[in-house]
Amino acid sequence: MDISENGKQIGEKLFVLLNDAQRNELIKYVLEQKKQPSSSAHSLPAVSAKRQLQTGSVLPLTEIQVGDLYFCLEERIVRVRGQEIPLTAREFDAIHVLIVNRRRVITFELLSNHIWGYDFEDGTIQAIHNLMSRARQKLKVEPDVPDYITSVRGIGYKFNI
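This one's a predicted model, so the numbers in the text were calculated from it and none came from an experiment. (Residues numbered from 1 in each chain as written. Predicted model: local features only at pLDDT ≥ 70, side-chain atom pairs only at ≥ 80, totals over all residues. Heavy atoms only, no water.)

1. Quick look at the pattern of salt bridges
Line of reasoning, step 1. Taken as a whole and judged by the stated rule, the model has 7 salt bridges.
Line of reasoning, step 2. The salt bridge involving D68 is made with R81; its shortest N-O contact spans 2.8 Å. Highlighted residues: D68 in the loop between β3 (63-66) and β4 (69-72) and R81 in the loop between β5 (77-80) and β6 (83-84), separated in sequence by 13 residues.
Line of reasoning, step 3. Here R81 falls in the partly exposed class, since its relative accessible area comes to 34%.
Line of reasoning, step 4. One salt bridge connects R134 with E91, and the closest N-O pair in it is separated by 3.4 Å. Remark: E91 occurs in helix α3 (residues 89-99) and R134 occurs in helix α5 (residues 124-139); sequence separation between them is 43 residues. (Salt bridge = Lys/Arg side-chain N within 4 Å of Asp/Glu carboxyl O. Helix = DSSP H or I, 4+ residues; strand = E, 2+ residues; numbered from the N terminus. Buried < 20%, exposed > 50% of the residue type's maximum accessible area, 1.4 Å probe, protein only.)

2. Brief notes about the environment of V141
Line of reasoning, step 1. Residue placement: V141 occurs in the loop between α5 and β8 (149-152).
Line of reasoning, step 2. When the C-alpha positions of V141 and I85 are compared, they lie 8.5 Å apart, and in sequence the two are 56 residues distant.
Line of reasoning, step 3. Filtering out sequence-adjacent residues up to four positions away, V141 remains in contact with V80, Q83 and I85. (Contact = heavy atoms within 4.5 Å.)

3. So, the packing of aromatic side chains
Line of reasoning, step 1. Tallied over the full model, the rule gives 3 aromatic pairs.
Line of reasoning, step 2. Here the aromatic rings of F108 and Y157 are separated by 6.2 Å at their centres, their planes lie at 80 degrees, and the arrangement is edge-to-face. Here Y157 lies in strand β9 (residues 156-159) and F108 lies in helix α4 (residues 108-116), a separation of 49 residues in the sequence. By the burial criterion, F108 is buried, and Y157 matches it.
Line of reasoning, step 3. On the basis of an interplanar angle of 10 degrees and a centroid distance of 5.6 Å, the ring pair of Y148 and F159 is categorised as stacked. Of this pair, Y148 sits in the loop between α5 and β8 while F159 is found in strand β9, placing the two residues 11 residues apart along the sequence. Note on accessibility: Y148 and F159 belong to one class, buried. (Phe/Tyr/Trp six-rings, centres within 6.5 Å; stacked < 30°, edge-to-face > 60°.)

Note that all results are geometric; they support no functional claim without further evidence.
Pasting the structure below:
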């Protein structure tokens, strides 16, 4: 994580690293800071969509819009040109790690750990290639839709804007 990045970029990367409990604690902390008068100079930007939790508190959704592609982490929705893309859990997880690290090459090892939760093994490369191929095909809803997922030969994949 590069501290010179804007808050949104840092937040997207941080959310990839945190588990659900840690995310909720961080959100609660940020919301508490926002309520304090001394933090008004550092107030959070307006959020386009919110969700109501059972506790009654309102938390922002993690939404990313890249061209015609819309991604929402909490609702696990991906849309291209308004059309919802039916993704498997692993396809969604792969797109998640790529989209929050836009333009960065994500190695096979990192993808393996994020998608399957275990260390990289020799047979995993083919499984990742197959998974990315299916995800790429699903995102291509029309011929003129750009290829969002690019292969970096021998290393991994990246998400193109």
